[in-house]
Amino acid sequence: MTNITYDTIPGSEKLDDNDVILVTGGTGLFGKGIEEVVQTLKLKGKFYFAGSKDGNLKNLDECEKLFEKVKPTYVLHLAAFVGGLFRNMKYKVDFWLDNVNMNNNVLRCCHKHNVKKTVSCLSTCIFPDKVSYPIHEDVLHNGPPHFSNDAYAYAKRMLDMTSRWFNQQYYEGEARFTSVIPTNLYGKYDNFNIQDGHVLPGLMHKIYLAQKNGTDYVVYGTGKPLRQFCYNVDAARMILWTLLNYTEEEPLIISVPEEDEVSIADVAKTIAEEFKFEKEIKFDTEKADGQYKKTASNDKFKKLYPDFKFTPFKDAIAETVQWFQANYETVRK
Ligand SMILES: NC(=O)c1ccc[n+]([C@@H]2O[C@H](COP(=O)([O-])OP(=O)(O)OC[C@H]3O[C@@H](n4cnc5c(N)ncnc54)[C@H](OP(=O)(O)O)[C@@H]3O)[C@@H](O)[C@H]2O)c1
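Residues numbered from 1 in each chain as written. Predicted model: local features only at pLDDT ≥ 70, side-chain atom pairs only at ≥ 80, totals over all residues. Heavy atoms only, no water.

- By the naming in an unreviewed UniProt entry, the protein goes by GDP-L-fucose synthase and is assigned to Acrasis kona.
- According to its UniProt record, the protein has this under Sequence similarities (unreviewed entry): "Belongs to the NAD(P)-dependent epimerase/dehydratase family. Fucose synthase subfamily." (UniProt positions renumbered as here; feature names shortened; annotations may be inferred.)

Here it is as C-alpha cells:
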C-alpha cells in the first residue's frame, strides 16, 4: 500500500481501449514503476509488461514472436543488460553485444509492425566524461564516455542514432522513434545485489545486513560523488508523458532538478535514518568512486511539463525501505 499520490498525466485521454502498449523490460525496476502508475491512474489501453521469460530480445526470432503475439501500437523499450559500476567494468563485451542486439531487434520489429511511437531508454551515465555542467541533451555525442561504462554507453548512444535513422529513412523525419535519458533510478523491485546492483539499493542491502548482524555499515568509496536519484514511479510518469506528448526525436532528459543532487554520503545517511541505524557510517576509500558528478539539467522537460511534481526523496526512500524490509526473502539480491 502506498501513501504517495500524484496527478493524472496530461495526454492520457489520447489512449483508448484499442491501444496496446508493449513495455519491454516491464518486469524490472523501471517497468514496475510504470505498472504501478498505470494501475493507480487506471490508464486506458492494454499494457503488456514483458520480461525475458516472454522472449529473449537478443534473439530476433523471439523478439518477432513477442511482437506477433502482442501486436503493439506503442512501445516503451526499457529492456537492457544493466548493472552498477563494478559489473560495467567486468563484462564490457556483454554490455555491448547484448544491448546492441536487443536494441536493433526491438527497433526493427517496431518498424515492421508500424508502431505509432517508440520511446527507448538511455541513461545520464552515457554522456561524455569531459563535459560542462549541467549537462543538456545536445551534447550526448560530443566526446567519449567515462572508461568505466564505455561499452554500455556506446550501445545506448547507438540506440539514439538508430532511432533517428529509422525516422529519417522511413518516416520523413517524423519522430516515431525517440528516447528518454533517465538519471539514477531507485524504488521497489530494484536489484539489491551488493556487487552487481546500483549504489542506492546496494546501500540499502548493506545497512539491512549491518543491522541484522551487528556489523559495520561500510560505503564503497569516499562518499563524495554527487548524483541525482529519481524515484521509479516519477520516472514512469515522465516516460508516459513523453510517449503521449513529446514530438521530437532528440532524447529527453528525465531527472530530478539539479538542486536535488545529493552526495553518496548523504544518501547513506538518509537510508540509515529510515532504518533507525545509529552506529557510525564507515567509508572504504580504497574502492573506486566512479565519476565525481554528472549533473544533468531537466530544464527542457520542465519547460514542456511545468506542473510536474516530484515525490520528495525522503518519502520515496521510506517507501522503498519499508517494501525492501517486508519483502527481503524474495527481492532480487
Ligand atoms: N536503474 C537505473 O538506475 C537506470 C538509470 C538510467 C537508465 N536506466 C535504464 O532503464 C531501463 C530499465 O532498467 P531497470 O533499472 O529497470 O533494469 P532491471 O530492473 O534490471 O530490468 C531489466 C529488464 O530488462 C529485461 N531484460 C534483460 N535482458 C533481457 C533479454 N535478453 N530479453 C528480454 N528482456 C530482458 C529484464 O527481464 P527479466 O526481469 O525477465 O530479467 C527486466 O525486465 C534500462 O534500459 C536501463 O538502461 C536505468
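Read on, since the account is not over.
### Overview of the pattern of salt bridges
- Applying the stated criterion to the full structure yields 20 salt bridges.
- Two residues, Asp 129 and Lys 130, come together in a salt bridge whose shortest N-O distance is 3.8 Å.
- A salt bridge links Arg 164 to Asp 160, with the shortest nitrogen-to-oxygen separation between them at 2.9 Å. Of this pair, Arg 164 and Asp 160 both sit in helix H5 (residues 150-170), four residues apart, which is roughly one turn of the helix.
- For Asp 160, a relative accessible area of 0% translates into the label buried. (Salt bridge = Lys/Arg side-chain N within 4 Å of Asp/Glu carboxyl O. Helix = DSSP H or I, 4+ residues; strand = E, 2+ residues; numbered from the N terminus. Buried < 20%, exposed > 50% of the residue type's maximum accessible area, 1.4 Å probe, protein only.)

### Thoughts on the pairing of strand S1 (residues 20-24)
- The buried fraction of S1 is high, at five of five residues.
- Of the two faces of S1, the one carrying Val 20, Leu 22 and Thr 24 and the one carrying Ile 21 and Val 23 are both buried.
- Inspection of the sheet shows S1 paired to strand S2 (residues 46-50) by five bridges, in the parallel sense. Bridging from a neighbouring strand, Ile 21 pairs with Phe 47 of S2.
- Following the chain from S1 across helix H1 (residues 29-40) to the adjacent parallel S2, one finds a crossover that is right-handed. (Pairing = 2+ DSSP bridges. Right-handed = clockwise from strand over helix to strand, strands pointing away.)

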